[in-house]
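# A structural walkthrough
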Amino acid sequence: MTALYQVLEDGKVGIFESPTGTGKSLSLICGSLAWLRDFEEKKRQEDAWVLAAEATEKDEEMKTNESTPAGPGSMTEPDWVTQFLQKKEEVDMKNKIKEDQLRRKRREEKLEQMRHNIQLKFASKRKREEDDETIRLLRLSQQILTPGGEGLALEQGEEELVLAEYESDEETKKGIKLDDEDDFEEEHVTKIYYCSRTHSQLSQFVHELQKSPFGKGTRLVSLGSRQNMCVNEDVRRLGTVQLINDRCMEMQKNKHDKKSEEPEGKKKRGSRLTCAFYAYDQMQSLRDEILVEVKDIEQLVSQAREVKACPYYASRYAIPAAQLVVLPYQTLLHDSTRRASGIKLKDQVVIIDEAHNLIDTITGMYSSQVTGAQLCQAHSQLAQYMERYRSRLKAKNLMYIKQILFMLEKFVGALGGNVKQNPNYQKVSQQGTTLKSINDFLFYRQVDNINLFKVQRYCMKSMISRKLFGFTEKFGGAAVIPENEPAKTGGLQQYLQNINQKSQGQGVADVQEVGESGPVRSASPLMQIESFLFALTNSNQDGRVLVQLQGSVAQSSLKFLMLNPAVHFAEVLKDCRSVIIAGGTMQPVSDFKQQLLIAAGLQPDRIVEFSCGHVIPPENILPIVLCSGPTNQQLEFTYEKRALPDMIFQEPKKASGVERVLSEYSRCIKLSGQSAGPLTGALLFSVVGGKMSEGINFSDDLGRCVVMVGMPYPNIRSPELQEKMLYLDHTLPKTNGVSAGKVLVENLCMKAVNQSIGRAIRHRGDYASILLLDHRYSRPTVLGKLPQWIRSSAEVKQSFGPAFASIRKFFQMKKTTSVSPT
C-alpha cells in the first residue's frame, strides 16, 4: 500500500505483483483511496489558500490606490497594461476555483439530501408512474398512424429497415451524438478507474470495498456492457452483444427523431421502436442514487428495474462526479468504446488488475478475422438489400453500399472464390498461409483507392449492419446462400419473386443458417466484417493481414493480426496521471516494460516495479526442479520427443464437463481423508492453458502437489508467432545477446508455467510442493522468471532419489505440524 501510494503521488507507472491470498484487492482499495482522500484534501487547502491570498491582495490594492493619486494619462500607462495581463491568468484560475467549489457544494448537498430524505425517492417514483401512463397513451395514439412512403410499397415494420439519408462524411466530424444533452454537465473530478477482466471479478472488488473503511463515503460507479446491464427484455432476448448494441443505438435514434417536428403537409413515417427505459428524468434520478451508495452491477440493475430507468446510461451520467469507477477491460482499453462511454482519462488514475494477459488482451481487441462464408453471405445479403430498396436509397447510401460490395467481392477473390457461387462448393487450389502488410493487401486486392476511414464512419453512423440484420430477420433467412446445396442460377431474381409472393400472402420457405458443423451463425455477418475493415485502418507497420487458405472458400479466412499493442495503450499512458498494472503473477515483467510501456514512448525512469512475497512461511512450499527420472534418463519434454512416452490424459472438451470432473476429483479426495483404505488420494491431469490452468482454486487438499511436465513453449511454426517475432526483432533491442523474438517465446512459456503452478497456494495457511519436470528449468535465465516467492525456495535436483526424499520429508513434516487453515 505504501509503494502504491508513492507511485500515485509521483505520477508514475507501476507494475505490481501480489500473489493470491495476500490481500491484493484490499491493498489496492486502501492504498489508492487513501491517496485520493489526501489528494482531495490537499486540493481544497490549496484552493482556500489561493482565495485567501486574493482577498489580501485586494485589500492591499485598495490601500495603494487610495494613497496614490492618479496622474494624467495614468490609465494608458504601459505598467498598467502589463499588470493587467499578468493578473488575467490568475483571475481566470481563481474564478474556476470558485465555480468548482460551488459545483462541488451543490453536488454534495444534493447527495446528502438523497441519503436522508426518503420522501424524495417516493415523489420521484410517483412522477415516473405518471410519465409511464402518458407514454402508454401516446403509444396507443401512434398505433393509429399508418406508414407512408415513396416508390416501393413497404410492409408493416419495414420502414425502419431503410437507411436514413446520409448527408455528411467530412473528415473532421467524429460521428452523431445520440444522447440527450446533459444539463448537469460538469468537469470530471480526479478519480480512480479500476478495471479487471470479468464482471464477477469486478463484483468481488466492489464487495471488498463495501467491507473496507472506505465503503461508506466513496462515490462509486459500476460500468458494464449493454448485455449485462440492459433491462429491456425485448432487447436482451437478441442475445449477442453486437445485436443488443445496435438495437439500443437505433432505439435511441428513433427517440431523437420523434422529438424533431416534421414540416406540415409531409407524411409522417411509421411508428418506430423506442425504449421506455431511456427516459432522461428517470436516468438522472438513478444517476444520483448510484452516487449515494456503493453498488455492484447486480444491485444497480435490480434498482434500475424498480425505477424503470436505463442503468447502462445512468451509470455513464454518473462518471464525472464519481471518485471510483469499476469497469471491464474492453470499456477502458478500446478507444472507441472508451469515448462512447464518456470516460476522460486526462490526469486520472487507472488500475488494471489481473493484468498478466494484458498484452494478449489488447492484441486480441484490435485483431479480427472473417471467413469466406461470412464474406459471401454478407455480399449476397447486401446486394439483395440494395436491390429491394434501391428506389428509396439516396445517392450517398448507394455509393457506400457499392463500395462495400466491391470490397467484399475482392476479399472473396483473395481466397480464390467467386461471390456468385456457393463458398462451400468452391475448393481452394493451394492450401497455406500468406502474410501481407496492410498496404500490400489493399493494393493486391485493388481496393487501395477506397477511403476506409470514410467507410468506417459511414458504417457507424448509418448502422447498416443493424439494418441488414433486420432485413434478413424479417424475410426469414431467405437472403442467405443455402450451404447444403449448390448455388442456383437466378438466385436474386428468385428471391425478389419470393418477396413478391410473400407480400401477396403466399409465404416464403425459410432457409436455415446452419453450417456443416452445426452452430447457428449471426444473421448479419457484416457486423464481423466491419470489425475487419476497421482493423485495416491501422498504420501499415503495426499489423499484418493473413490470407489462410484451407479446404473450401467457406473455410478459408482473412485475419488481421495486431503486432503493436503499445500504439493503442499509448493514449492511456499519455493522458493518465498514473497507471498501475497489477496481478497475482506478473513475471516475467520484461514483456510489459518493452512491448507495452517503453514501446509506447514511456521513459524507463517513470516505471516502478514492486513484487511482494507470499504470506505463507517459507517452509510451506517446496519447489523442486527435477532433471532426471528414476532410471537417470534426462528429462527433456521437447516437441520432438513428446511422442515417446504413452499419454494417459485429456481434459473434457466442453466447459460443462469441467464441473463434473472437479466434483468427482474433490469427492475422491474427501473420501480418502475420512477413512483408511486403498483410496489414498487423486490425480488430476490437465493441460497448460486449458480450462483448469487459470481461474480455479486448488486450495488445501485439492492441490498439495503441482507437477509441471515439460516446458509449454508456443507453436514456433505458427505464422502469427513468427511474424510477431520478426516484428519485435526489428523494433526492440537484444537482451543479454538474445533477440527480442526469442525472449518473447521464452516469456510466453514462463507466463503459462507461473499461472499454472500458482493454483495451489491460495491462503496463508496453505502448503504445497511444486515439481518442475525438465532439466531446462535449472537454467539461471529460466529460474529467474519464476515468481520471487517460489524462486527463493527452489531446489535443483539432478537425480530422482534426492528429489523424492525431499518431497517425502516435506509432507511428513506438514502432516505432523499442519493446523487447520484460517
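Right, let's walk through the structure included here. (Residues numbered from 1 in each chain as written. Predicted model: local features only at pLDDT ≥ 70, side-chain atom pairs only at ≥ 80, totals over all residues. Heavy atoms only, no water.)

## Focus: the overall build of the chain
Along the chain, the regular secondary structure elements total 29 helices and 15 strands. The buried share among the 822 residues of the chain stands at 47%. Restricting to contacts in the chain with at least 6 residues of sequence separation, those with at least 24 account for 82%. Of the accessible surface of the chain, which amounts to about 42500 Å², a share of 52% is contributed by carbon and sulfur atoms. (Helix = DSSP H or I, 4+ residues; strand = E, 2+ residues; numbered from the N terminus. Buried < 20%, exposed > 50% of the residue type's maximum accessible area, 1.4 Å probe, protein only. Contact = heavy atoms within 4.5 Å. Areas by Shrake-Rupley, 256 points an atom, 1.4 Å probe, with all protein chains shown as cover.)

## Description of the nonpolar core
Inside soluble globular proteins, nonpolar side chains tend to come together where they are buried. Counting residues in hydrophobic clusters, the biggest one holds 118 residues, and the most contacted among them are Leu358, Ile401, Phe411, Phe441, Leu536, Leu558 and Phe569. Broken down by element, the residue count for this core peaks at 10 residues, all from helix H16 (residues 395-414). Every residue in contact with Phe411, bar those within four places of it in the chain, is listed here: Leu375, Phe441, Val447, Phe532, Leu533, Leu536 and Leu558. Listed in part, the 26 residues of the second largest apolar core include Ile29, Cys30, Val206 and Ile580. (Core = buried A, V, L, I, M, F, W, Y, C linked by side-chain atoms within 4.5 Å.)

## So, the packing of aromatic side chains
Applying the stated criterion to the full structure yields 15 aromatic pairs. Arranged with centres 5.8 Å apart and planes meeting at 70°, the rings of Tyr389 and Phe471 form a pair that is edge-to-face. Here Tyr389, found in helix H15 (residues 372-389), pairs with Phe471, found in helix H19 (residues 464-474); they are 82 residues apart in sequence, far enough to count as distant. Pair check on accessibility: Tyr389 and Phe471 agree, each one buried. Feature note: the residues Tyr278, Tyr312 and Tyr313 constitute an aromatic cluster, connected by ring pairs. For Arg445, the ring lying beneath its charged end belongs to Tyr444, and the centroid distance is 5.0 Å. One residue, Arg704, lies across the ring of Tyr767, its end atom 3.8 Å from the ring centre. (Phe/Tyr/Trp six-rings, centres within 6.5 Å; stacked < 30°, edge-to-face > 60°. Lys NZ or Arg CZ within 6 Å of the ring centre and 35° of its normal.)

## Quick notes on the packing of helix H23 (residues 590-597) against helix H26 (residues 740-757)
As a packed pair, H23 and H26 sit with axes 10 Å apart at the nearest point and diverge in direction by 130°. Relative to H26, the element H23 lies oblique. As H23 runs across H26, the sense of the crossing is left-handed. On the side of H23, the interface is formed by Ser590, Asp591, Phe592 and Gln595, while H26 contributes Val743, Leu744, Asn747 and Lys751. Here the contact of H23 with H26 is composed, by residue class, of 3 nonpolar, 3 polar and 2 charged. (Axes fitted to C-alpha atoms, helices over the stretch in contact; angles between N-to-C directions. Parallel < 35°, antiparallel > 145°, perpendicular 65-115°, else oblique. Left-handed = near helix turned anticlockwise from the far one by under 90°. Nonpolar A, V, L, I, M, F, W, Y, C, P; charged D, E, K, R; others polar.)

## Some details on the sheet that holds strand S8 (residues 543-549)
Sheet architecture is open: 4 strands sit in the order S6-S9-S8-S7, paired in antiparallel fashion. With partners counted over all chains shown, the strands left at the sheet margins are strand S6 (368-371) and strand S7 (432-437), one partner each. Sheet twist, expressed as the average angle between the axes of neighbouring strands with direction ignored, equals 15°. (Pairing = 2+ DSSP bridges.)

## Points about the sheet that holds strand S13 (residues 705-709)
The sheet built from 4 strands is open, its strands ordered S13-S14-S12-S15 with parallel pairing. The sheet is open, and its two borders are formed by S13 and strand S15 (795-797), each paired with just one other strand. Neighbour to neighbour, the strand axes of the sheet diverge by 20° on average, direction disregarded. When strand S12 (residues 621-626) meets strand S14 (residues 768-773), the two strands line up parallel, connected through 6 bridges. When the sheet's bridge partners are listed, Leu626 is paired in S14 with Leu773. Its contacts with the sheet put H26 on S13 and S14, and the angle it makes with S13 is roughly 160°.

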